[in-house]
Amino acid sequence: PSSLSLSLSIYASWGLCWKEEVGCETGNCAQYCAAGDPCAAAGEDASCPCASGKTYHGRGPMQLSWNYNYEPAGRALGVDLLAEPERITQDPDLAFSTAMYFWMSPRGNKPSAHSVMMGTWEPTAQDVAAGRTPGFGTTTNIINGGLECGIDNDYRVEDRVLYYERYTQYLGVEAGDNLRCSDQRSF
């Protein structure tokens, strides 16, 4: 499991070289604003409309993205990340805290990536029917399933798997089964 979070962080931030999504540093990535109030629409006890002039592109070691992820992470950490998303790039402790929050927290029908890799997540019949079973592939689905899963030989998934396998070898642990999400529907 430690190799997993390390490999995902290194993959997401290009070897921990980037604290912010490449190409978005000047606010050019407004596409990460889900319209309206997606948190309230999902039945959550929170409001997460985008703040005027702010962008919610990937920031930090796990590249936290989208207004509907910034709000609950900020609330859990006591910071208004909807109003000040740039704080993630300015405060290394906050950056790593957002990564840990995202890693450890279930959300809606998604389990936490941590519970998947620790073997404590029990897939529902709906998960099994969608091809979502324990393993690294399901963590990719949790993080970026709508973009990367259900696609044969997706280069992004293959890159993630290579990073993961490399770190499991370094640490002398087994990679396990279900490394890819090509046969999974997104959550």
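Just above, that's the structure.
As the structure is a computational prediction, the values presented were derived from the model and not from experiment.

(A) Focus on the packing of helix α3 (residues 67-77) against helix α5 (residues 92-104). Where α3 meets α5, the axes come as close as 10 Å, and the angle between the chain directions of the two elements is 110 degrees. Taken together, α3 and α5 sit at an angle that is classed as roughly perpendicular. Between α3 and α5, the residues in contact are N69, P72, A73, A76 and L77 and L94, S97, T98, Y101 and F102, respectively. Class assignment of the residues belonging to the contact of α3 with α5 gives a composition of seven nonpolar, three polar and no charged.

(B) View of the side chain of Q184. Within the secondary structure, Q184 sits in the segment after α9 (155-171). Reaching out from Q184, the side chain makes a polar contact with the side chain of N141 at a distance of 2.8 Å. Dropping the residues within four chain positions of it, Q184 is found in contact with A130, G131, R132, G137, T138, N141, C149 and G150.

(C) Up close: the environment of R156. Mapped onto the elements, R156 comes out in helix α9. Considered as a pair, R156 and N144 are twelve residues apart in the sequence and their alpha carbons are 9.8 Å apart. A polar atom in the side chain of R156 sits 2.7 Å from the backbone oxygen of L147. Here D154 takes part through its side chain, which lies 2.7 Å from a polar atom of the side chain of R156.

Criteria and cut-off values
- Residues numbered from 1 in each chain as written.
- Predicted model: local features only at pLDDT ≥ 70, side-chain atom pairs only at ≥ 80, totals over all residues.
- Heavy atoms only, no water.
- Axes fitted to C-alpha atoms, helices over the stretch in contact; angles between N-to-C directions.
- Helix = DSSP H or I, 4+ residues; strand = E, 2+ residues; numbered from the N terminus.
- Parallel < 35°, antiparallel > 145°, perpendicular 65-115°, else oblique.
- Contact = heavy atoms within 4.5 Å.
- Nonpolar A, V, L, I, M, F, W, Y, C, P; charged D, E, K, R; others polar.
- Polar contact = N/O pair within 3.5 Å; in protein donor to acceptor, adjacent residues only side chain to side chain.

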